[in-house]
Amino acid sequence: MKLEEFKPVNHYDAINWNEVSDMIDKATWEKLTEQFWLDTRVPVANDMDDWRELDDDHQWTVGHVFGGLTLLDTVQSEAGLTALKEDVKTPHETAVLNNIQFMESVHAKSYSTIFSTLNTPDQIKEIFEWSDTEEYLQNKAVKIANMYLDPSQDPLKKKVANVFLETFLFYSGFYTPLYYLGHNKLNNVAEIIKLILRDESVHGTYIGYKFQVGMRDRTEKQQQDMKDWMYNFLYELYDNEEKYTHLLYDQVGWTDDVLTFIRYNANKALMNLGQDPLFPDTASDVNPVVMNGISTSTSNHDFFSQVGNGYRMGAVEAMSDSDYDVKDPNAGKDKNSRD
Ligand SMILES: [Fe+2]
Ligand SMILES: [Fe+2]
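How each quantity is defined
- Residues numbered from 1 in each chain as written.
- Chains lettered and ligands numbered in written order.
- Predicted model: local features only at pLDDT ≥ 70, side-chain atom pairs only at ≥ 80, totals over all residues.
- Core = buried A, V, L, I, M, F, W, Y, C linked by C-beta atoms within 7 Å.
- Buried ≥ 20, exposed ≤ 12 C-beta atoms within 10 Å, placed from the backbone.
- Helix = DSSP H or I, 4+ residues; strand = E, 2+ residues; numbered from the N terminus.
- Contact = placed C-beta atoms within 7 Å.
- UniProt positions renumbered as here; feature names shortened; annotations may be inferred.
- Axes fitted to C-alpha atoms, helices over the stretch in contact; angles between N-to-C directions.
- Parallel < 35°, antiparallel > 145°, perpendicular 65-115°, else oblique.
- Left-handed = near helix turned anticlockwise from the far one by under 90°.
- Expected span 1.5 Å × (residues − 1).

Q: Describe the nonpolar core, with residues and values.
A: If you look at soluble globular proteins, the nonpolar side chains tend to sit buried side by side. Leu72, Ile114, Ile144, Val160, Phe164, Tyr175 and Phe261 are the most contacted members of the largest nonpolar core, which totals 76 residues. Broken down by secondary-structure element, the contributors of at least two residues to this core are α3 (56-84), α4 (91-118), α6 (135-149), α7 (155-169), α8 (171-182), α9 (187-215), α10 (220-249) and α11 (255-272). Leave out the neighbours within four places in its chain, and Phe261 touches Tyr171, Tyr175, Val286 and Val290.

Encoded structure:
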C-alpha cells in the first residue's frame, strides 16, 4: 500500500462472539479448534521398516509428492489466507481464517517432519530444489499465487482459486499416502496426511460457502461470467495437472488412477462452490483402495484422549519461573530439563 493511501481509523470494534451474524462462522470455528493437531505428535519413525522396503522409484515419488504438497501449503499459509482476509463479511470470519492460516503453516511444516525421518539431508535438499524449480508444479503454484497477490483481482475469484487448491490440486499428492494406507504401509505418514485432508475438507467447504454468499450480491450476468471464468480456469489447471501427474507417477505406473482421482476431486471443488460437476468420474471410478483410505477416520479423532494408535498427546506440566531463566544456557540445562 502506498503511503498516501493510508487513512487512519478513529475507532476500532472489539469482536463479539455473543453476537454472531453467520452461524457457519461459529460452527466452523468450533469444528476446526476441535480437530487441532500438531505434526510432532505423530510417530513417523515407526514407518521406517515400510520405507526401507520401497524401491528407488517409489521412494522418489513419495518424496517429491511431499515436496509438491509443501509448496502448495506454503502458498496457502502465506499469500492465500492473507488474500482471503482482505475480503471478510464478519469479524468471526477473520478469526476462522486466522485459524486456517496457522494450520496451513502446520501442514507445510509437517512434510518436513516426514522428510527428516525418511530422507537423507542430500535427498531433502534435492526435493526442495526440485519443488522450487519444477515447471508444472511451479505453474500451478504461480497461477494460484498470482490470483491471491493481485490487488485488482475480484475477491470472489480469489475464493475460487482457494477452493480449487484446497479440494482439487492437493489430491494428486494425497493419492500416494492414501494408496499406501490402503495397503497397510506407511501408516503414520498417512495419519499426518489424513489430519491434513480432514482440515482441507473443512477449509474447502467453508471458503466455498463464503463464495456462494458473495455470489448472491452479483447480477445474473455477473454470475454467468463468473461461472464461465471458473470452468475455464479449472480446465487450465487440469491441463497442467495432467502433465504434473505424468511426471510424478509414470515411473510407478499409477498415472491413470491418479487422474481419475483428481477429476473426482475437481468435481467436489465445483460442488463446494455450488456448481455442477465437470467430469464424468464418480467415487465408484476411483481405486477402491484409495477410497477406503479416504473414508476411514483418523486413528485418533478425539483430541483429548489417547485412543488410537496415531496421534499422541504431549505430556504437559505447569510453567515455573525457572522456565524463563535463559541467560546462561549451560547453567540452565539441568534445571530446565523436562526428561
Ligand atoms: Fe493445507
Ligand atoms: Fe487448507
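More follows now that the structure is in view.
Q: Any details on the environment of Pro177? Residues and values, ideally.
A: As for its placement among the helices and strands, Pro177 is situated in helix α8. Sequence separation between Pro177 and Ile193 is 16 residues; the distance between their C-alpha atoms is 7.0 Å. The residues contacting Pro177, other than those within four sequence positions of it, are Leu186, Val189, Ala190 and Ile193.

Q: I'd like to hear about the UniProt feature "active site" (unreviewed entry) in the chain, residue by residue, with values.
A: Taking the numbering used here, the UniProt-annotated feature "active site" (unreviewed entry) corresponds to Tyr111. Assignment of secondary structure puts Tyr111 in helix α4. Tyr111 gets classed as buried once you count the C-beta atoms within 10 Å, which come to 27. Look past the residues within four positions of Tyr111 in its chain and what remains in contact with it is Phe66, Leu69 and Thr70.

Q: Quick rundown of the UniProt feature "binding site: Fe cation 1" (unreviewed entry) in the chain? Include the residues and the values.
A: Per the UniProt entry, the sites bearing "binding site: Fe cation 1" (unreviewed entry) are Asp73, Glu104 and His107 in this numbering. These annotated residues cover 35 residues of sequence, but their C-alpha atoms sit close together, with the largest distance between any two at 6.3 Å. Residue position: Asp73 is located in helix α3. Taking the C-beta count within 10 Å as the criterion, Asp73 has 25 such neighbours and is therefore assigned buried. When residues no more than four places from it in sequence are discounted, the contact partners of Asp73 are Glu104, His107 and Ala108.

Q: With reference to specific residues and values, describe the packing of α3 against helix α5 (residues 121-131).
A: One way to put it is that α3 packs onto α5 with a least axis distance of 9 Å and a crossing angle of 55°. The angle between α3 and α5 falls in the class oblique. Between α3 and α5 the crossing geometry is right-handed. Of the residues in α5, those in contact with Gly63, His64, Gly67, Gly68, Thr70 and Leu71 of α3 are Gln123, Ile127, Phe128, Trp130 and Ser131.

Q: Account for the packing of helix α1 (residues 23-34) against α4, naming residues and giving values.
A: As a packed pair, α1 and α4 sit with axes 9 Å apart at the nearest point and diverge in direction by 20°. As summarised for this structure, α1 and α4 are arranged roughly parallel, according to the angle between their axes. α1 and α4 meet at a crossing whose hand is left-handed. Contacts between α1 and α4 pair Asp25, Lys26, Thr28, Trp29, Leu32 and Thr33 from the former with His92, Glu93, Ala95, Val96 and Asn99 from the latter.

Q: Can you tell me about α10, naming the residues and giving the values?
A: Taking 1.5 Å of rise per residue, the 30 residues of α10 would be expected to cover 44 Å, and the 42 Å separating its terminal C-alpha atoms lies within 8% of that figure. Looking only at α10, the buried set comprises Met226, Met230, Leu234, Leu237, Glu241, Tyr244, Thr245, Leu248 and Tyr249. Against α3, α6, α7, α8, α9 and α11 lie the buried residues of α10.

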